[in-house]
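# Observations on chain architecture
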Amino acid sequence: MDLLLWRHAEAEEGEDDLKRALTERGEKQARVMGDWIRRHQPKDLRIIVSPAVRTRQTAEALKLPFETIRKIGPEACVSELIAASGWPHAKGSVLIVGHQPSLGRLASLLLAGQESEWSIKKGALWWLSNRVRRNETQTVLRAMIPVELLD
């Protein structure tokens, strides 16, 4: 299984966290990364998105269908992200468009074995794969792409 973690692009400040929209820069970041993901997407990609405006706007840049899941919003815990994605047993691949700190905590758990405060930059993509080697399940970091490298 492949699991792609895409942090929403840059968003406006605001009192109502769920209603914060992307900035002009954030819209560009989403377009650039969305183009890259479309060109390199794994087969059978399921896209799940937080209900926040900024994550839905980020996902819309992909121009692919996605599913909004309330439980992976800004306050989501790692177990909710794992349950929503089906990691590591889901068929195909899953792209989560979400938030810090939960995406960073998920990446640290899958790669280092414990939740830590890892930072995923706005607009960046982390691509993880699950494999079995010598009867041991492993998580592999296939790519970590900050959007600035794609400009």
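Located above this text is the structure these notes cover.
Okay, so let's go over this structure. (Residues numbered from 1 in each chain as written. Predicted model: local features only at pLDDT ≥ 70, side-chain atom pairs only at ≥ 80, totals over all residues. Heavy atoms only, no water.)

## Side note on helix 4 (residues 102–112)
Our working rule: We call a residue buried when its accessible area falls under 20% of the maximum for its residue type, exposed when it is over 50%, and partly exposed in between, using a 1.4 Å probe and counting protein chains only. Runs of E in the DSSP output that reach at least two residues are strands. Runs of H or I that reach at least four are helices, and both are numbered from the N terminus. Working rule for contacts: check all heavy atoms of both residues, and any pair within 4.5 Å makes them a contact.
By the burial criterion, the buried members of helix 4 are Ser102, Leu103, Gly104, Leu106, Ala107, Ser108 and Leu110. In this structure, the buried side of helix 4 is in contact with strand 1 (2–7), helix 3 (78–85), strand 4 (93–98), strand 5 (125–133) and strand 6 (136–145). Backbone geometry just downstream of helix 4 places glycine 113 in the positive-phi region, at approximately 90°.

## Considerations on the side chain of serine 129
We apply this condition: Polar contact is the term for a pair of N or O atoms within 3.5 Å; when the atoms are in protein, one must be able to donate a hydrogen and the other to accept it, and sequence-neighboring residues count only if both atoms are side-chain atoms.
With respect to the helices and strands, the residue serine 129 is situated in strand 5. Look at serine 129 and you get buried, because its relative accessible area is 10%. At 2.5 Å, the side chain of serine 129 and the side chain of aspartate 2 are in polar contact. For serine 129, the contacting residues outside a window of four places in its chain are Met1, Asp2, Trp87, Gln138, Thr139, Val140 and Arg142.

## Some thoughts on the pairing of strand 6
Each regular strand carries side chains that alternate between the two faces of the sheet. This is how the line gets drawn: Two strands qualify as a pair provided that DSSP identifies no fewer than 2 bridges between them.
Alignment of strand 5 against strand 6, held across nine bridges, turns out to be antiparallel. Of the residues in strand 6, the one forming a bridge with serine 129 is valine 140. In sequence, strand 5 turns back onto strand 6 through a hairpin of two residues, with arginine 134 there showing a positive phi of about 50°.

## Considering helix 1 (residues 24–40)
Note the cut-off: The length a helix should cover is 1.5 Å for every residue beyond the first.
Between the first and last C-alpha of helix 1 there are 25 Å, a value that for 17 residues agrees with the 24 Å anticipated at 1.5 Å per step. Listed in full, the buried residues belonging to helix 1 are Gly26, Gln29, Ala30, Val32, Met33, Gly34, Trp36 and Ile37. Looking at the buried side of helix 1, the elements it contacts are strand 1, helix 2 (53–60), strand 4, strand 5 and strand 6.

## Considerations on the pairing of strand 4
Extensive coverage of strand 4 is indicated by the burial of six of its six residues. Judged by which residues are buried, strand 4 turns out to be covered on both faces: Ser93, Leu95 and Val97 on one side and Val94, Ile96 and Gly98 on the other are all buried.

## Examining the packing of aromatic side chains
Definition in use: Ring pairs are drawn from Phe, Tyr and Trp, using the six-membered ring of Trp, whenever the two centres fall within 6.5 Å, and their geometry is named by plane angle: stacked under 30 degrees, edge-to-face over 60, tilted for the rest.
Summed over all chains, the structure comprises two aromatic pairs. Between tryptophan 36 and tryptophan 127 the ring centres are 6.3 Å apart and the planes differ by 85°, which places this aromatic pair in the edge-to-face class. Separated by 91 residues along the polypeptide, tryptophan 36 in helix 1 and tryptophan 127 in strand 5 bring together distant segments of the chain. Side by side, tryptophan 36 and tryptophan 127 carry an identical accessibility label, which is buried. Ring centres of tryptophan 118 and tryptophan 126 lie 6.1 Å apart, and the angle between their planes is 40°; on these two criteria the pair is classed as tilted.

## Concerning the sheet that holds strand 6
Strand-to-strand pairing in sheets goes through backbone hydrogen bonds, with the strands running parallel or antiparallel. Judged by pairing direction, the sheet is mixed, and its six strands sit side by side in the order 3-2-4-1-5-6 without closing on themselves. With partners counted over all chains shown, the strands left at the sheet margins are strand 3 (67–68) and strand 6, one partner each. Pairing between strand 2 (residues 45–49) and strand 3: two bridges, direction parallel. Pairing of valine 49 across the sheet is with threonine 68, part of strand 3.

## Observations concerning the environment of leucine 106
Relative to the assigned elements, leucine 106 resides in helix 4. For the pair leucine 106 and valine 78, spaced 28 residues apart in the sequence, the C-alpha separation amounts to 5.5 Å. Beyond its immediate stretch of four places on either side in the chain, leucine 106 contacts Leu3, Leu5, Val78, Leu81, Ile82 and Ile96.

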